[in-house]
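Residues per chain are reported as follows:
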Amino acid sequence: MHDLADRNKYVGFLFMRISPEYFALGREGIHEVSAEHARDLAKFAKQLTHVVCTGVNGRYDQVTMVEADTLEEINAAATAFRMGNKARYIEIVDIVVGMKAPPRALANRSMD
């Protein structure tokens with residue numbers, strides 16, 4: 001690990017597409033799938049933030065942001081999602097991982 005990783009969180013953005021079959025499940029079906037999905041990912045609850053988005057070109061239906069102390073945690077959350085119940089209906093099409101930048105005042109200080 002490098003010095004920045006010791007002080008700053010990693011952030012992963014999972015860009016997703018939702019299949020029409022998901023919406024065809026209807027309100028009750030979606031609720032059932034979502035409840036199972038929530039149980040599957042409960043161990044990551046403190047790290048997951050969903051950003052529901054729309055766009056002009058419709059490339060993504062949903063973006064999930066995962067914040068973690070290590071890259072392994074982000075990988076574990078993404079893998080759990082891909083193997084979970086909603087994976088039949090939601091495809092992760094892109095993933096971007098980065099690190100939160102330190103506040104400017106901290107970035108300009110020495111590492112001592």
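This is a predicted model, so every value here is computed, not measured. (Residues numbered from 1 in each chain as written. Predicted model: local features only at pLDDT ≥ 70, side-chain atom pairs only at ≥ 80, totals over all residues. Heavy atoms only, no water.)

**Comments concerning the overall build of the chain**
Looking only at helices and strands, the chain features five helices and four strands. Its helices and strands in sequence order give the chain the pattern α-β-α-α-β-β-α-β-α, from N to C terminus. The buried share of the chain, reckoned over its 112 residues, is 31%. Contacts in the chain between residues far apart in sequence, at least 24 positions, make up 74% of those at least 6 positions apart. (Helix = DSSP H or I, 4+ residues; strand = E, 2+ residues; numbered from the N terminus. Buried < 20%, exposed > 50% of the residue type's maximum accessible area, 1.4 Å probe, protein only. Contact = heavy atoms within 4.5 Å.)

**What to know about the pattern of salt bridges**
Side chains that carry opposite charge are capable of pairing whenever their charged atoms lie near each other. Applying the stated criterion to the full structure yields three salt bridges. A salt bridge links Lys-9 to Asp-69; the shortest N-O distance between them is 2.8 Å. With a gap of 60 residues between them, Lys-9 in the loop between helix H1 (3-7) and strand S1 (10-18) and Asp-69 in the loop between strand S3 (62-68) and helix H4 (71-83) connect regions that are remote in the sequence. Judged by relative accessible area, which is 33%, Lys-9 ranks as partly exposed. Given the relative accessible area of 44%, Asp-69 is considered partly exposed. Between Asp-61 and Arg-17 there is a salt bridge; the shortest N-O distance is 3.9 Å. Placement of the pair is Asp-61 in the loop between strand S2 (48-52) and S3 and Arg-17 in strand S1, with a sequence separation of 44 residues. (Salt bridge = Lys/Arg side-chain N within 4 Å of Asp/Glu carboxyl O.)

**Details of the side chain of Ser-19**
Structurally, the position occupied by Ser-19 is in the loop between S1 and helix H2 (20-24). Here Ser-19 falls in the buried class, since its relative accessible area comes to 15%. Only 3.1 Å separates the side chain of Ser-19 from the side chain of Glu-21, close enough to count as a polar contact. (Polar contact = N/O pair within 3.5 Å; in protein donor to acceptor, adjacent residues only side chain to side chain.)

**Quick look at a nonpolar patch on the surface**
Judged by side-chain polarity, Leu-71, Ile-95 and Val-97 come together as a nonpolar surface patch covering roughly 230 Å² of accessible area. For Leu-71, the position within the fold is in helix H4. (Patch = residues over 30% accessible without salt bridge, like charges linked within 9 Å, V, L, I, M, F, W, Y side chains within 5 Å. Areas by Shrake-Rupley, 256 points an atom, 1.4 Å probe, with all protein chains shown as cover.)

**Observations regarding the environment of Ile-90**
Relative to the assigned elements, Ile-90 resides in strand S4 (residues 90-99). Classification of Ile-90 by relative accessible area gives buried; the value is 4%. The residues contacting Ile-90, other than those within four sequence positions of it, are Met-16, Arg-17, Ile-18 and Phe-81.

**Observations regarding H4**
Here H4 contains 13 residues, and its C-alpha end-to-end distance of 18 Å stays within 8% of the 18 Å for a straight helix at 1.5 Å per residue. Every buried residue of H4 is listed here: Ile-74, Ala-77, Ala-78, Ala-80 and Phe-81. One face of H4 carries all of its buried residues, which in axial projection span an arc of 160°. When the buried face of H4 is taken as reference, the exposed residues oriented beyond 90 degrees from it are Glu-72 and Met-83. The inward-facing, buried residues of H4 abut S1, helix H3 (26-40), S3 and S4. (Expected span 1.5 Å × (residues − 1). Arc of directions from axis to C-beta.)

**Things to note about the side chain of Asn-85**
Tracing the backbone through its elements, the reader meets Asn-85 in the loop between H4 and S4. Judged by relative accessible area, Asn-85 falls into the buried class, the value being 12%. If we skip the residues at most four places from it in the chain, Asn-85 touches Val-33, Glu-36, His-37 and Asp-40.

Taken by themselves, the reported measurements are silent on function.
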